[in-house]
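# Residue-level structure breakdown
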Amino acid sequence: MIFVSILILFLLGAGIGALLGWASKALKVEGDPRVDELEAMLPGGQCGQCGEAGCRQAAEAMVAGRLAPSCCPPVAMP
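We now turn to the structure provided with this report.

## Some points on the overall build of the protein chain
Across its full length, the protein chain carries three helices and zero strands. Along the protein chain, from the amino end to the carboxyl end, the secondary structure elements read α-α-α. In terms of overall size, the protein chain is more extended than a compact globule, its C-alpha atoms giving a radius of gyration of 22 Å where 78 residues would be expected to give roughly 12 Å. Principal axes of the C-alpha set define a box for the protein chain whose edges measure 70 × 25 × 15 Å. A buried classification covers 14% of the 78 residues belonging to the protein chain. Counting only contacts in the protein chain whose residues sit at least 6 apart along the sequence, the fraction spanning at least 24 positions is 37%. Taken as a whole, the protein chain presents about 6,000 Å² of accessible surface, with 67% of it coming from carbon and sulfur.

What follows is the structure, given as structure tokens:
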């Protein structure tokens, strides 16, 4: 009897895992490559001196035009 319940839980977990794996590939949202490129240039220290929570958010704001590229004090950008 206990083996049946273990088997049912195993099959249920495997089914949900397979569904989540499929969903992560089928419903993937592509990001803006400009944001990825800018984020790679930033120091990644998450210091918050630019007014954003982190470097990813700062890069998104720069691409959107809400933040100047020279806003990051630790990086000397030309």
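More follows now that the structure is in view.
## Description of helix α3 (residues 55-64)
Within α3, the full set of buried residues consists of Cys-55, Ala-58, Ala-59, Ala-61 and Met-62. Looking straight down α3, one finds that the buried residues subtend no more than 160 degrees of arc, so they occupy a single side. Those residues of α3 that are buried are in contact with α2 (33-41). Gly-65, located one to two residues past α3, shows a positive phi value of around 90 degrees.

## With respect to a nonpolar patch on the surface
Residues Leu-9, Leu-12, Ile-16 and Leu-20 make up a contiguous nonpolar surface patch of roughly 420 Å² in combined accessible area. Tracing the backbone through its elements, the reader meets Leu-9 in helix α1 (residues 2-26).

## So, the nonpolar core
Listed in full, the ten residues of the largest apolar core are Val-35, Leu-42, Cys-55, Ala-58, Ala-59, Ala-61, Met-62, Leu-67, Cys-71 and Cys-72. Per element, the largest residue contribution to this core is five residues, and it comes from α3.

## With respect to the environment of Leu-19
Take Leu-19: it is sitting in helix α1. Take Leu-19: its relative accessible area is 54%, and that puts it in the exposed class. Sequence separation between Leu-19 and Ile-8 is eleven residues; the distance between their C-alpha atoms is 16 Å.

## A closer look at the packing of α2 against α3
Between α2 and α3, the least distance of the axes is 8 Å, while the angle of their chain directions is 125 degrees. On the basis of their axis angle, the class for α2 and α3 is oblique. Here α2 runs over α3; the crossing is right-handed. Residue-level inspection shows Arg-34, Val-35, Asp-36, Leu-38 and Glu-39 of α2 in contact with α3, the latter providing Arg-56, Ala-59, Glu-60, Met-62 and Val-63. Its residues assigned to classes, the contact of α2 with α3 shows five nonpolar, no polar and five charged.

Definitions and cut-offs
- Residues numbered from 1 in each chain as written.
- Predicted model: local features only at pLDDT ≥ 70, side-chain atom pairs only at ≥ 80, totals over all residues.
- Heavy atoms only, no water.
- Helix = DSSP H or I, 4+ residues; strand = E, 2+ residues; numbered from the N terminus.
- Rg over C-alpha atoms; globule rule 2.2 N^0.38 Å.
- Buried < 20%, exposed > 50% of the residue type's maximum accessible area, 1.4 Å probe, protein only.
- Contact = heavy atoms within 4.5 Å.
- Areas by Shrake-Rupley, 256 points an atom, 1.4 Å probe, with all protein chains shown as cover.
- Arc of directions from axis to C-beta.
- Patch = residues over 30% accessible without salt bridge, like charges linked within 9 Å, V, L, I, M, F, W, Y side chains within 5 Å.
- Salt bridge = Lys/Arg side-chain N within 4 Å of Asp/Glu carboxyl O.
- Core = buried A, V, L, I, M, F, W, Y, C linked by side-chain atoms within 4.5 Å.
- Axes fitted to C-alpha atoms, helices over the stretch in contact; angles between N-to-C directions.
- Parallel < 35°, antiparallel > 145°, perpendicular 65-115°, else oblique.
- Left-handed = near helix turned anticlockwise from the far one by under 90°.
- Nonpolar A, V, L, I, M, F, W, Y, C, P; charged D, E, K, R; others polar.

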